[in-house]
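The lines below spell out each chain.
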Amino acid sequence: MTQQKIFGLIGYPVKHSLSPLMHNAAFSLLKIKAKYKLFPLEERQLKDFLSGLKKQCICGLNVTIPHKEKVLEYIKSTSEGVRVIRAANTLVIDKAGKIKAHNTDCLGFARHIKELKVKPKKVAIIGAGGAAKAVIFALIQLKAQEICIYDIDKFRALGLVKRFNQLFPGCRVRTVARIDELVLSDKDLLINASPVGMKDADPLLIEPRNLHKDLFVYDLIYNPAETKLLKAAKVAGCGFSNGLGMLLYQGVEALEIWLKPKKAPVEVMRAALLKGMKKL
Ligand code: NAP
């Protein structure tokens, strides 16, 4: 009898994650004897947990806040995306127990942007944290020419600017010190990669009059499904999307890394996510 393979999510907290729904639906459709579990882990437990993966039959993991950067201290083998972004959200464990780290946040964002038929050239981004790094790397792969970042922490934004300009001189990455300096008139894509918009009381950071029809507005937030920013984008006649597609495709890309060469059942995973969203 073949042993059940274990996959899962490490982070803290993880209890509200939609990932088990989407991955277990995929395993069931593909008739794979596997289960996706949640592993709430504190930082002090990380090292021991990672050294015992083979014993626990764990073949693949997703990594979420706050361990996306910390896990790299224990893993030698990394994808190019991980080396650029310096954060991992997907681990694959081979038969010998060796771990390789990937970043499917950037792959997932790129796949969703392509699905939306958005061809980003000039981009404005709010937020310069972990998700923004993945998004910027994806935008560079998608041949964006100019990226302007605003973050409440200007030194964090400056750090990103320095790093990406050094690594990818073909794309001009710069930052502005104030949100009202984030010019949108010449941009074709505005991305919210900050948590602003998750709470009802959060402000709308952009002046609605600066939104225009040639601008696509992408909010990485998917809960709520329509933030104040997306509502304003709709009124202004912009194309717009929340981040549920990015969540879906980071999961699809992770599954395809774990089950290579199998393809992920995208529509089953999407349906599982949408069902889970209704219960949030
Ligand atoms: P993070 O690492 O905490 O980065 C967020 C950044 O936004 C921080 O630098 C933060 O600064 C900054 N910020 C906070 N308030 C701001 C404001 N008013 N104006 C400008 N910048 C502000 O978080 P993250 O992991 O990058 O996640 C960011 C968002 O993306 C979250 O809502 C998360 O849920 C979402 N996300 C979605 C997906 C998806 O698949 N759809 C994937 C990853 C993340 P401070 O730290 O100083 O507050």
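Residues numbered from 1 in each chain as written. Predicted model: local features only at pLDDT ≥ 70, side-chain atom pairs only at ≥ 80, totals over all residues. Heavy atoms only, no water.

Visitor: Tell me about the packing of helix α1 (residues 19–30) against helix α9 (residues 266–279), and name the residues and values.
Guide: Across the interface, α1 lies against α9 with an axial gap of 8 Å and an inter-helix angle of 140 degrees. Between α1 and α9 lies a crossing whose hand is right-handed. Contacts between α1 and α9 involve Leu 21, Met 22, His 23, Ala 25, Ala 26 and Leu 29 on the former and, on the latter, Val 268, Met 269, Ala 272, Leu 273 and Gly 276. Of the residues belonging to the contact of α1 with α9, the class tally is nine nonpolar, two polar and no charged. (Axes fitted to C-alpha atoms, helices over the stretch in contact; angles between N-to-C directions. Helix = DSSP H or I, 4+ residues; strand = E, 2+ residues; numbered from the N terminus. Left-handed = near helix turned anticlockwise from the far one by under 90°. Contact = heavy atoms within 4.5 Å. Nonpolar A, V, L, I, M, F, W, Y, C, P; charged D, E, K, R; others polar.)

Visitor: Tell me about the site of the ligand, and please be specific about residues and values.
Guide: What surrounds the ligand is a group of 22 residues, the closest being Ala 131, Asp 151, Arg 156, Leu 220 and Gly 243. Here an oxygen atom of the ligand and a backbone polar atom of Ala 131 are 2.7 Å apart. Here the ligand has 910 Å² of accessible area as a free molecule, and 75% of this is covered by the chains. Only α5 (130–141) and α8 (244–258) provide two or more residues apiece to the shell around the ligand. A breakdown of the residues in the shell around the ligand according to their chemical character gives 15 nonpolar, five polar and two charged. (Near = heavy atom within 4 Å. Polar contact = N/O pair within 3.5 Å; in protein donor to acceptor, adjacent residues only side chain to side chain. Areas by Shrake-Rupley, 256 points an atom, 1.4 Å probe, with all protein chains shown as cover.)

Visitor: Describe in detail the sheet that holds strand β1 (residues 5–11), supporting the description with residues and values.
Guide: Strand order in the open sheet formed by six strands is β2-β1-β3-β5-β6-β4, and the pairing between neighbours is mixed. Among the strands making up the open sheet, the edge pair consists of β2 (34–40) and β4 (77–78). One ladder, built from seven bridges, connects β1 with β2; its direction is parallel. Across the sheet, residue Ile 6 finds its bridge partner in β2, namely Lys 35. On top of the sheet, α1 reaches β1, β2 and β3 (58–63); it is set at about 165 degrees to β2, its chief contact. Strands in contact with α8 are β1, β2, β3, β5 (90–93) and β6 (99–102); relative to β3, the strand with the most contacts, it is inclined by about 155 degrees. (Pairing = 2+ DSSP bridges.)

Visitor: So what's going on with the pattern of salt bridges? Residues and values would help.
Guide: Within this structure, the stated rule accounts for 17 salt bridges. Here the salt bridges do not stand alone but share partners, grouping Glu 43, Lys 70 and Glu 73 into one network. (Salt bridge = Lys/Arg side-chain N within 4 Å of Asp/Glu carboxyl O.)

Visitor: Can you lay out the pairing of strand β11 (residues 216–219) for me, pointing to particular residues and giving the numbers?
Guide: Burial along β11 is two-sided: Phe 216 and Tyr 218 facing one way and Val 217 and Asp 219 facing the other are all buried. Direction of pairing for strand β10 (residues 189–192) relative to β11: parallel, over a ladder of four bridges. Looking at the pairing, Leu 189 lines up with Phe 216 of β11. Where β11 meets strand β12 (residues 239–241), three bridges bridge the pair, whose relative direction is parallel. Its bridge partner being in β12, Tyr 218 is matched across the sheet by Ser 241. What joins β11 to β12 is helix α7 (residues 228–235), and the crossover it makes is right-handed. (Buried < 20%, exposed > 50% of the residue type's maximum accessible area, 1.4 Å probe, protein only. Right-handed = clockwise from strand over helix to strand, strands pointing away.)

Visitor: Help me get a handle on the environment of Lys 95, residues and values and all.
Guide: Relative to the helices and strands, Lys 95 resides in the loop between β5 and β6. Lys 95 sits in the exposed class, given a relative accessible area of 82%. The sequence separation of Lys 95 and Met 22 amounts to 73 residues, and the corresponding C-alpha distance is 25 Å.

Visitor: How would you sum up the side chain of Ser 241? Please name residues and give values.
Guide: With respect to the helices, strands and loops of the structure, Ser 241 is situated in strand β12. Classification of Ser 241 by relative accessible area gives buried; the value is 9%. Apart from residues lying up to four places away in sequence, Ser 241 is in contact with His 112, Leu 116, Phe 216, Val 217, Tyr 218, Asp 219 and Leu 230.

Visitor: How would you sum up α7? Please name residues and give values.
Guide: Inspection of α7 places Leu 229, Leu 230, Ala 232 and Ala 233 among the buried residues, and these make up the whole buried set. Considered in projection along α7, the buried side chains sweep an arc of 160 degrees and stay on one side of the axis. In this structure, the buried residues of α7 make contact with β10, β11 and β12. Phi turns positive one or two residues past the end of α7, at Gly 237, with a value near 80 degrees. (Arc of directions from axis to C-beta.)

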